[in-house]
Amino acid sequence: MSSLPEIVDLVGLGFGPANIAIAGAVTEAWKENPSFPVKTTLFIERHEIFRWHPGMLLPGARMQISFMKDLATLRNPGSPYTFLSYLHSEDRLLSFINRGSTIPTRKEYSDYLSWASAKVQENGINVAFGHEVVDLEEGPEDTILVRYRNNRTGEEKLVRARDLVIAPGGTPRVPDFISPFATHPRVLHSSAYATSIGPIFQVLSSQSRPLRVAVVGSGQSAAEVTMDLRNRLADIPTPGGRHVVDMLIRKGSLKPSDDSPFANEIFDPASTDAWYGLPSKRLRDNVLAEYKQTNYSVVNPLTIDALYEIVYDQRLNTSIARRTEQDEPQDPIINIRKYTKVASIRLTEDSKANEGQPADLLLAPEASRTHSEGQFHLTLSNMVTADITEEKYDVVMYATGYERSAWLNFLKHTGIGKHFGLSPATRKVNLLPTTDLTDEVSDYSTPDSPISESRSPVSSSTNTSPPTSPEASMFNSVQFEAELNNELYVTRSYQLLPKSTPRDGGKSLVPRIYLQGVEEATHGLSDTLLSVLGVRSGEVLADLSKRPVA
């Protein structure tokens, strides 16, 4: 008889900033409280090493938050995992003070997170890099059986988790018109920009003609990418023309983010309490809409100033050239095309490289193509005048934000999905606070809170797979509509609440599952951001401490 898999008190899916913050809080609890029930940990991360948004580590790019909103300061200013502790350990504390800003660069913050990742491991946290979780099932002795796989060898392992924390991160939001070309090497989400654009331009530069790049989006990432593209294109010689970067935005102008002190209070822990306690989903949606301008489709005012200075200088050069009858500088041009919607996209072959082929052959996006073959034809619609134009581009960038549903696409295919009313047929869920539970919702039991009242591999950036087809008989079931759209409840301490009795009867799920970074609907705008990592890790830790020591 084979022995049962090892029991681990806390298993984490993903090892990004959210789970690093929790790991740090756990190691501090080990020192401060010998009876703390979490004695063993395992965090499972699909990347081979720690990585944090490598595709957006652009030269000079700065964070949007103070260094004090780090992994630990707001939970414990004396923590060994604060940004100040990092600076001190790297002998840069005085230099950072002398630079006169509380805002670190993105490169430095990424290095801080990498340092913290290594430090928690030095202090006893176990991390399986290069692995991804492929299934969760009910295990013996009130555990969750976690099956995870080595990405290199394919070897699978099993552990039993007493509690689970899922921190999946975001996955690129892909607009419908991009979907057929999402895997094309010259169609990039901003998250892959810095790690991919160099090789693309290296190949395209051999064409000896002006290059054209489209950037879809009107937020911070879109603005940063647009300016960086201009700088990179300036290093590519071109005879008889100028490189062009078109920024395609649906608005009439780029909008500044509101980072004023009063608006920023929406990211405070007290605002999380207030948001969670709002008496209805309608009110929560209204507050979300009110504060969208602090975070969504907006640009930092300093970035707007820098971008406008470039556009203004282009206009100045045109004016001087017209008056003096001299040639303009051949710097790349940035155009901001406002009120512009992309209606469609198609890829045509380069007729010079493919003589004898139809000049306007529509290619299947999945077809094998080099970096340089053909151009993208974008059909653009002006949302004010309804004018339709078509433009050709060599590269299409889309800075369209992130989806936060990968955890659902994974969980609904696992053996424990039934405990939350999930099945492979589930299309979407509404996350609700437990304060919305009513007497009519009788299949949940609310835990005490110390605060207030096909299987797809999962990792720090959870992969998704199409749901398996439901049985034909399900379409005749009265439960079918409920299967497609579910309401799930989340406690104030970020625990996903299981049903008292699963769909197939049987025992309720005993291990607790915590979600990180996906509860904007219940916990507010800051939930997907770095601002609350320190406080949130402390809240999860307090809830974990309620489990009796095994």
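All of these numbers come straight from a predicted model, not from anything done at the bench.

Tallying secondary structure elements over the chain gives 14 helices and 20 strands in all. Of all 550 residues assigned to the chain, the portion counted as buried reaches 49%. Surface accessibility of the chain: about 25300 Å² in total, with carbon and sulfur atoms responsible for 51%.

Glancing now at the pairing of strand 6 (residues 156-166). Judged from the six bridges that link them, strand 1 (residues 7-13) and strand 6 form a sheet pairing that is parallel. From the neighbouring strand, Leu10 faces strand 6, where its bridge partner is Asp163. Bridging between strand 5 (residues 143-150) and strand 6 involves six bridges; their strand directions are antiparallel. Directly across from Ile144, in strand 6, lies its bridge partner Ala161. Connecting the antiparallel pair strand 5 and strand 6 is a turn made up of five residues, with Gly154 showing a positive phi of about 80°. Pairing between strand 6 and strand 20 (residues 512-515): four bridges, direction parallel. In the sheet register, Ile166 faces strand 20, and the bridge partner there is Leu515.

For the rest of this paragraph, the subject is the packing of aromatic side chains. Going through the model one piece at a time under the given rule, you end up with 14 aromatic pairs. With 5.8 Å between their ring centres and 40° between their planes, Phe67 and Phe83 make a pair best called tilted. Placement of the pair is Phe67 in the loop between strand 2 (41-45) and helix 2 (83-89) and Phe83 in helix 2, with a sequence separation of 16 residues. The exposure class assigned to Phe67 is buried, which follows from its relative accessible area of 10%.

Across the sheet, which stays open at both edges, the five strands sit in the order 8-15-9-10-11 with parallel pairing between neighbours. Each of the sheet's edge strands pairs with one partner strand only, and the pair in question is strand 8 (187-189) and strand 11 (333-337). The average undirected angle you get between the axes of adjacent strands in this sheet is 20°. Two strands pair when backbone bridges link them, and strand 9 (residues 212-216) and strand 10 (residues 244-248) are joined in this way by five bridges, in the parallel orientation.

Another aspect to go through is the pattern of salt bridges. If you walk through the whole model with that rule in mind, you get 27 salt bridges. Its salt-bridge partner being Arg160, residue Glu141 comes within 3.5 Å of it at the nearest N-O pair. With Glu141 in the loop between strand 4 (131-139) and strand 5 and Arg160 in strand 6, the pair connects residues that are 19 residues apart, well separated along the chain. Taking relative accessible area as the criterion, Glu141 reaches 53% and is therefore assigned exposed. Classification of Arg160 as buried rests on a relative accessible area of 5%. Note that Asp436 is salt-bridged to Arg284, the shortest N-O span being 2.6 Å. Here Arg284 lies in helix 9 (residues 281-290) and Asp436 lies in the loop between strand 17 (428-433) and helix 12 (480-484), a separation of 152 residues in the sequence. The pair Asp436 / Arg284 is uniform in exposure class, with both members buried. Three or more residues joined by partner-sharing salt bridges are found here, namely Arg212, Asp246, Arg337 and Glu391.

Where helix 5 (residues 193-204) contacts helix 6 (residues 220-233), the axes come no closer than 12 Å and their chain directions differ by 30°. Considering the angle they form, helix 5 stands roughly parallel to helix 6. Like other packed secondary-structure pairs, helix 5 and helix 6 cross with a definite hand, here right-handed. For the pair helix 5 and helix 6, the contacting residues are Tyr193, Ala194, Ile197, Gly198 and Phe201 in the first and Val225, Asp228, Leu229, Arg232 and Leu233 in the second.

For the rest of this paragraph, the subject is the environment of Ala223. Mapped onto the elements, Ala223 comes out in helix 6. A sequence separation of 84 residues divides Ala223 from Leu307, and the C-alpha atoms of the two residues are 7.4 Å apart. Ala223 has contacts with Met247, Val299, Thr303 and Leu307, leaving out every residue within four places of it along the chain.

Conventions we followed
- Residues numbered from 1 in each chain as written.
- Predicted model: local features only at pLDDT ≥ 70, side-chain atom pairs only at ≥ 80, totals over all residues.
- Heavy atoms only, no water.
- Helix = DSSP H or I, 4+ residues; strand = E, 2+ residues; numbered from the N terminus.
- Buried < 20%, exposed > 50% of the residue type's maximum accessible area, 1.4 Å probe, protein only.
- Areas by Shrake-Rupley, 256 points an atom, 1.4 Å probe, with all protein chains shown as cover.
- Pairing = 2+ DSSP bridges.
- Phe/Tyr/Trp six-rings, centres within 6.5 Å; stacked < 30°, edge-to-face > 60°.
- Axes fitted to C-alpha atoms, helices over the stretch in contact; angles between N-to-C directions.
- Salt bridge = Lys/Arg side-chain N within 4 Å of Asp/Glu carboxyl O.
- Parallel < 35°, antiparallel > 145°, perpendicular 65-115°, else oblique.
- Left-handed = near helix turned anticlockwise from the far one by under 90°.
- Contact = heavy atoms within 4.5 Å.

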